[in-house]
Amino acid sequence: MDMAVESPSSLANGDSSAVSTATTPAAAAAAASPPSSRMLQLAESLKLEHQFLRVPLEHFKKTIRAHHRCAEKEVSAVLSSVAEAADRSDAMSREAAVNHLSSLVSRLQGLKRKLEEGSRAENLQAQRCRARLDHLDSIDVENLTEWSNTRLKRILVDYMLRMSYYDAAKKLAETSNIQDLVDIEVFLEAKKVIDSLQNKEVGPGLAWCAENKSRLKKSKSKLEFQLRLQEFIELVRADNNLRAIQYARKYLAPWGATYMKELQRVMATLAFRSNTECPSYKVLFEPMQWDYLVEQFKQEFCRLFGMTLEPLLNIYLQAGLSALKTPFCFEEGCTKEDPLSQEGFRKLAAPLPFSKQHHSKLVCYITKELMDTENPPLVLPNGYVYSTKALEEMASKNDGRVTCPRTGETFNFSELVKAYIS
Amino acid sequence: MELNTIKDAFDRVAKKQKLSCSKTQEVIDEVGREIEEAMAKLQSTDNGLGCDLKSILLELKTKLNEMAPMNQLEGSQRELNIGLVKYAKILEKCLNPDISKAYRNVDSDIHIVNQIIASHFYRQGLFDLGDCFVSEANEPDATALKSPFLEMYGILEAMRSRNLEPALNWASKQSERLLENGSSLELKLHQLQFVEMLQKGSQNEALKYARTYLAPFASVHKVEIQKLMACLLWAGRLNQSPYAEFMSPTHWERLAEELTQQFCSLLGQSYESPLSVAIAAGIQGLPTLLKLASVMAAKQQEWQAMKQLPVPVDLGREFQFHSIFVCPVLREQGSDENPPMLMPCGHVLSKQSIVKLSKSSTRPFKCPYCPLEATVGQCRQLHF
């Protein structure tokens, strides 16, 4: 920095961009916003849509797996049943054998029907995956407003589903006809578990863990352990100590290798009981433990489906507020069009960093339009600056005179001078 | 982004899924056929000897074993799985798999967010949805914006069915505040009403209307009113007059838009939904923030606690709400202590850099951007 100030001439030669904006405004304006940069920006924004494609894929995979497992189970059962019949055929009448075989045939037919239904479900899900790809493909400079509106709706539905506002989520999806673009079905699966946990039941939660056992194991999830701990605590609360010990032997002991500390702590509640005042055990009996389990479940659920752990709305809102936050947003005359002029947004932005600018960006006080080489800033003799457009319009209506809206002084248009801002 | 690569990968998945489905059905059919064949054999043998029964069942068992239906099922499934894994990998490669990397983990107040969303729904005219959301989220205080926007959408609805009554009522009540805003909305509404009357051919009524409602605006909008008065000559056949332009339906649309703008402004609200604006800014800004986060993570630098972002996040001009002056020499944002100064040549620098360049207040110095010289005294402070 200092060097640049010491030798301004070298700067004049070196910083060609600064010179060109000052000397050849037309060329700079042409390069300001070429359409290709707009397309680039759209492509960048599409890269943020991983969850949008990933969630229906995970759902699709899950359905496929379930159907495959079902087919495997049934066919293998039929095979072993045939083998078994062959082994004990000595003691079997012909009629019994025929009956046995025909029961197997109808079992296979049942499986076939089930799989046919399953394949319809799979096709629907494949369609949904494709619909989302097509939706991403449909973004264009021409339909951008509409596309962005839909995106905002998708983000809002995602928020409402994560917050368990299911009715509002459904309503928004239905009225805007974007059911294929949001994950209501996926979240309804979560709802069952969340509702049960809120009713202090672990059953559906454990069933969900069993259903997704291998994947939860891969991600080293401790959700099942936590659910088991809670079930144990409930037994201790009910003073059902013998059963609690049995339960611990069966369901908690296997986790000992990984979570010994927590296991020991929970086991100690047998000694302290539910009415303990000892803070480190008292907390285990508090109802908020269930809220904590709900949160844990939500996180595991999101992870399993490849969703961000935070609602999309929070992520985008935070990024937007950081990018918009300037010291001027908190001044008194802040324009209403700036979201940060509002109390709620200001509070949300409080812990966020200010944005940074490398180049001047000037907005005309009168027209609120950007002042650039096309609409350059003009300086009034009193030092106030407005856009050429605004001042020209004012002058044309008032016989060549302009009035400064902030000081009330009037000048001749000929007294104004151009300012070059790089 | 390679959307076509992604699509191709998905097409392969879909094809394999169909194949796997039909393969499974085939395997099941084959097993079924074998069993049915064995059944037919059992039924056709008349004597029903034990050894026959046994041999038939054993034969069936061997046949099924040879067919190895389990392997067949697994094989087609494996094919499908490979396709699925590949597709997931392509998604991960082409798209950003975790957009929460730049998220600052702060406790965001749920009530504030919910209130913002409720206001967003109400100001979009989605009243049912807003009510549904408010009751489900249990935010009874979030309905503050409902009744004013109900009024606004009522006015706009009436305008759509060519009824200006509610709009005129509102405008006359807000007459003074509209003028303060520099808006001539009230006159424009009266003008529209006047033209409507003329179109229906009722010259007298229109004249009376003009005397009552247009006359008060005559001093300020002389030219406009003169034109309107000339319209009286063409009552009933305005479309053949030089003033046919007054009848254009675009007037209605433009006026509805202006009314929305003024209504929001008088409510102390923005014209665009602030939620839409903030989210749209987020979508433009997030890619830069994610890049920043990954660079900072690679350098093991902490940016979660930074008071200012280390790099600029470029947003479109629609998000430019404030004049920001950055001194081109110091590369620092201007402030009250270091305001922008205009040099006689028209270039603008910050006060600090001018003081540094000049070294003394009387000696002339050269502008860093052009050959002209200036003294500190010739530089003037600017207000944007």
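Note that this is a predicted model, so its numbers are computed, not measured. (Residues numbered from 1 in each chain as written. Chains lettered and ligands numbered in written order. Predicted model: local features only at pLDDT ≥ 70, side-chain atom pairs only at ≥ 80, totals over all residues. Heavy atoms only, no water.)

**A closer look at helix α10 (residues 203-214) of chain B**
All names here are of chain B.
And then number 1: Within the sequence span of α10, burial applies to A206, Y209, A210 and L214. The buried residues of α10 occupy an angular sector of 105° when the element is viewed end-on, so they sit on one face. Seen from the open side of α10, the exposed residues pointing more than 90 degrees away from its buried face are N204, K208 and R211.
And then number 2: Those residues of α10 that are buried lie in contact with α7 (165-173), α9 (185-199) and α11 (222-231). (Buried < 20%, exposed > 50% of the residue type's maximum accessible area, 1.4 Å probe, protein only. Helix = DSSP H or I, 4+ residues; strand = E, 2+ residues; numbered from the N terminus. Arc of directions from axis to C-beta. Contact = heavy atoms within 4.5 Å.)

**A look at unusual backbone geometry**
And then number 1: A positive phi angle, near 65°, is found at A:S164, a position not held by glycine.
And then number 2: Locating A:S164 in the fold gives a position in the loop between α8 (144-162) and α9 (166-175).
And then number 3: Backbone geometry places B:R331, a non-glycine residue, at a positive phi of 55°.
And then number 4: Residue placement: B:R331 occurs in the loop between α13 (274-298) and β1 (340-342).

**Quick look at the packing of aromatic side chains**
Residues and elements named next belong to chain A.
And then number 1: Going through the model one piece at a time under the given rule, you end up with 23 aromatic pairs over all chains.
And then number 2: Ring centres of F225 and W255 lie 5.5 Å apart, and the angle between their planes is 35°; this geometry places the pair in the tilted category. With a gap of 30 residues between them, F225 in helix α13 (residues 223-237) and W255 in the loop between α14 (241-252) and α15 (256-267) connect regions that are remote in the sequence. Each member of the pair F225 and W255 is classed as buried. (Phe/Tyr/Trp six-rings, centres within 6.5 Å; stacked < 30°, edge-to-face > 60°.)

**A look at the UniProt feature "zinc finger region: RING-Gid-type" (unreviewed entry) in chain A**
And then number 1: The sites that carry the UniProt feature "zinc finger region: RING-Gid-type" (unreviewed entry) are, in the present numbering, residues 334-407 of chain A.
And then number 2: Counted over residues 334-407 of chain A, helix gives 23% and strand 18%. Its end C-alpha atoms are 18 Å apart. (UniProt positions renumbered as here; feature names shortened; annotations may be inferred.)

**Some remarks on the side chain of A:N314**
And then number 1: The residue A:N314 is located in helix α19 (residues 312-324) in this model.
And then number 2: The residues touching A:N314, leaving out its near neighbours within four places in the chain, are A:Y159, B:Y103 and B:S108.

**So, the packing of helix α1 (residues 3-44) of chain B against helix α3 (residues 69-94) of chain B**
Residues and elements named next belong to chain B.
And then number 1: Where α1 meets α3, the closest approach of the two axes is 9 Å, and the angle between their N-to-C directions is 165°. Judged by the angle between their axes, α1 and α3 are roughly antiparallel. Of the two elements, α1 crosses α3, and the hand of that crossing is left-handed. (Axes fitted to C-alpha atoms, helices over the stretch in contact; angles between N-to-C directions. Parallel < 35°, antiparallel > 145°, perpendicular 65-115°, else oblique. Left-handed = near helix turned anticlockwise from the far one by under 90°.)

**Looking at the domain arrangement of chain B**
Residue and element names in this part refer to chain B.
And then number 1: Domains assigned within chain B are domain 1 (2-94), domain 2 (112-159), domain 3 (162-266), domain 4 (276-305) and domain 5 (322-384).
And then number 2: Using only C-alpha atoms to locate each centre, domain 2 and domain 3 end up separated by 31 Å.
And then number 3: At the interface, nine residues of domain 2 touch 14 residues of domain 3.
And then number 4: Between domain 2 and domain 3, roughly 970 Å² of surface is buried when both sides are summed, and carbon and sulfur atoms account for 77% of that area.
And then number 5: It is M152, I155 and M159 that lose the most area in domain 2 upon contact with domain 3, and together they represent 61% of the buried surface on that side.
And then number 6: Across the contact surface, domain 2 and domain 3 share zero salt bridges.
And then number 7: Classifying every residue of the side of domain 2 that touches domain 3 gives seven nonpolar, no polar and two charged. (Domains from an automatic or database assignment. Buried area = accessible area lost by both parts, 1.4 Å probe. Salt bridge = Lys/Arg side-chain N within 4 Å of Asp/Glu carboxyl O. Nonpolar A, V, L, I, M, F, W, Y, C, P; charged D, E, K, R; others polar.)

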